[in-house]
Amino acid sequence: MGAVLPAAPLRPRPHIVVRGPNHLGDGVMALPALEALCRVGQVTVHGPRWAEALYRHLPVRVRPRGRLADGDVGVLLAPSLRAAREARHLPRVIGTPTDHRRWWLTDVVQPDHHTAGTYARLARRAVAVVEGAPVYPLHAGDEGPDLPMGHLALNPLSATGRVRTWQAWSQLATRAREPVVFYGGPGEGEALRDLARGFPTCVGLPLPALGRALQRARVLVSADTGPAHFARAVGVPTVVVYGSTSPLRSGPAGSVAVEGAAPCRPCHGRRCAQGTLACLDIPVHRVEEALDGR
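Undergrad: Just checking my understanding: could you explain the overall build of the protein chain for this structure?
TA: A tally of helices and strands in the protein chain yields 11 helices and 12 strands. Its C-alpha atoms give the protein chain a radius of gyration of 20 Å, near enough to 19 Å, the size a compact globule of 294 residues would have. Along the first, second and third principal axes, the C-alpha atoms of the protein chain reach 60 × 50 × 30 Å. Put simply, the protein chain has 294 residues, and 52% of those count as buried. Taking as baseline every contact in the protein chain between residues at least 6 positions apart, the subset at least 24 positions apart corresponds to 59%.

Undergrad: Help me out: how do you make sense of the sheet that holds strand 3 (residues 60–64) in this one?
TA: To summarise the sheet geometry, strands pair through backbone hydrogen bonds and adopt either a parallel or an antiparallel arrangement. The six strands are arranged 3-2-1-4-5-6 in an open sheet whose pairing can be described as parallel. Bordering the open sheet on either side are strand 3 and strand 6 (107–108), each of which pairs with just one other strand. As paired strands, strand 5 (residues 93–95) and strand 6 are joined by two bridges and run parallel to one another. Its bridge partner being in strand 6, Ile 94 is matched across the sheet by Asp 107. Running at roughly 165° to strand 1 (residues 15–19), helix 2 (residues 31–40) makes contact with strand 1, strand 2 (42–47) and strand 3 of the sheet. Across the face of the sheet, helix 5 (residues 115–125) comes into contact with strand 4 (73–76), strand 5 and strand 6 while running at roughly 155° to strand 5.

Undergrad: Explanation requested: the sheet that holds strand 10 (residues 217–223) in the structure shown.
TA: Spatial strand order, 9-8-7-10-11-12: six strands in an open sheet with parallel pairing. Both outer strands of the open sheet, strand 9 (201–203) and strand 12 (256–259), are each paired with one neighbouring strand and no more. Between one strand axis and the next, the sheet turns through 20° on average, direction left out of account. Against the sheet, helix 11 (residues 284–292) touches strand 7 (151–155), strand 10, strand 11 (238–242) and strand 12, its axis set at about 170° to strand 12.

Undergrad: Got a minute to help me understand the side chain of His 46 in this structure?
TA: In this fold, His 46 is placed in strand 2. With a relative accessible area of 2%, His 46 lands in the buried category. A polar contact is formed between the side chain of His 46 and the backbone oxygen of Pro 64, at a distance of 2.8 Å. Setting aside residues up to four positions removed in sequence, His 46 forms contacts with Val 17, Val 18, Arg 19, Gly 20, Arg 63, Pro 64, Arg 65, Arg 67, Leu 68 and Ala 69.

Undergrad: Would you mind showing me how to read the environment of Pro 134 here?
TA: Summarising the element assignment, Pro 134 is placed in the loop between helix 5 and strand 7. Ignoring anything within four residues of it in the chain, the contact list for Pro 134 reads Val 28, Met 29, Leu 31, Pro 32 and Ala 233.

Undergrad: I tried to follow the environment of Pro 145 on my own but got confused; where do I start?
TA: Relative to the helices and strands, Pro 145 is located in the loop between helix 5 and strand 7. Take Pro 145: its relative accessible area is 25%, and that puts it in the partly exposed class. When the C-alpha positions of Pro 145 and Val 108 are compared, they lie 45 Å apart, and in sequence the two are 37 residues distant. Here Pro 145 is in contact with Cys 202, Leu 205, Ala 209, Ala 213 and Arg 216, once residues within four sequence places are set aside.

Undergrad: Any chance you could explain the nonpolar core here in plain terms?
TA: A general feature of soluble globular proteins is that nonpolar side chains tend to end up buried together. Residues Val 18, Leu 37, Leu 54, Tyr 55, Tyr 183, Leu 214 and Phe 230 are the most contacted members of the largest nonpolar core, which totals 49 residues. Ranked by residues supplied to this core, first place goes to helix 2 with seven residues. If you look at the next biggest cluster of nonpolar residues, it comprises 27 residues, including Ala 168, Val 180, Ala 196 and Ala 290.

Undergrad: Mind showing me how you'd approach the layout of surface pockets here?
TA: The gaps of empty space that remain are located by a probe, the size of a water molecule, rolled over the atoms. Approximately 230 Å³ is the volume found for the second largest pocket. In this structure, the second largest pocket is lined by 18 residues; those nearest its centre are Pro 32, Ala 116, Gly 132, Ala 133 and Pro 134. For the lining of the second largest pocket, the secondary-structure elements that each account for two or more residues are helix 1 (24–29), helix 2, helix 5 and helix 9 (226–233).

Undergrad: I would appreciate a short explanation of the pairing of strand 11 in the present structure.
TA: Along a regular strand, successive side chains alternate from one face of the sheet to the other. In terms of burial, strand 11 is largely enclosed, as five of its five residues are buried. On strand 11, burial covers both faces: Thr 238, Val 240 and Tyr 242 on one face and Val 239 and Val 241 on the other are all buried. By the bridge criterion, four bridges tie strand 10 to strand 11 in an arrangement that is parallel. Bridge pairing in strand 11 links Ala 223 to Val 241. Since strand 10 and strand 11 lie parallel, the crossover through helix 9 that links them has a hand, and here it is right-handed. As judged from the four bridges shared by strand 11 and strand 12, these two strands associate in the parallel manner. Residue pairing in the sheet places Tyr 242 in a bridge with Glu 259 of strand 12.

What counts as what
- Residues numbered from 1 in each chain as written.
- Predicted model: local features only at pLDDT ≥ 70, side-chain atom pairs only at ≥ 80, totals over all residues.
- Heavy atoms only, no water.
- Helix = DSSP H or I, 4+ residues; strand = E, 2+ residues; numbered from the N terminus.
- Rg over C-alpha atoms; globule rule 2.2 N^0.38 Å.
- Buried < 20%, exposed > 50% of the residue type's maximum accessible area, 1.4 Å probe, protein only.
- Contact = heavy atoms within 4.5 Å.
- Pairing = 2+ DSSP bridges.
- Axes fitted to C-alpha atoms, helices over the stretch in contact; angles between N-to-C directions.
- Polar contact = N/O pair within 3.5 Å; in protein donor to acceptor, adjacent residues only side chain to side chain.
- Core = buried A, V, L, I, M, F, W, Y, C linked by side-chain atoms within 4.5 Å.
- 1 Å grid on protein atoms, 1.4 Å probe; cavity = no way out; pocket = protein on both sides within 12 Å on 5 of 7 lines; lining within 4 Å.
- Points joined across faces, edges and corners; volume = space filled by probe spheres on them.
- Right-handed = clockwise from strand over helix to strand, strands pointing away.

Structure (structure tokens):
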């Protein structure tokens, strides 16, 4: 096991079991790969709680994370050793040699420089042709909150913490010419209200409602986090402010990047080794200039 083998043909309409990504942004980037796999066979996706809503438009069966369903081949979009262990009973397992798991794989695929490219390579190993950028179609019955049309949507928080949290969100909101709404995920209400300083907030919206809300925005300005990818998938212009990370690895397709100039970035770390967060020393006017171009 672990040898790099040529892509083997699958039987007609095989059962493809996918270990989906753990984070929303990665889940959105996986949409084109999953669509391609659905054209090849029957697909079961194991993923987090949001997976059912995110993949509702695809002909897939969604199951919780854990031991993967029985099938013909496993495709591991999650790069962890745990994901490989969950697939060890399958006759064929396709994945990247990350997290010391090469010997659990039958088909080893080298990662691309961008996460979306890695997912495309994994799908191609299962003889699936990946096309286009992520798209999340909203349904006619999807409803969202009654927000001002053409508002400036701000999504400042990240589960990764301070290395992705720009410090000038309130200043940007105060200087905006249009109505401003701050967005946050489940459990972020208190932290979001502290940043919003009296501006309206939307917290913990289900994905379809979030899509409807964002479509009422002129543009979203976001930290490097899942809602930035989701906004692009529903067709919303998006500006992403990067700290320790880089758009070359995980930037949403079609978004505008605003990056700091610190020589130590991108480190992709969860903590600042310098203790300065110099990567987030980005003047407000640079984000405003990016907004003016949208």
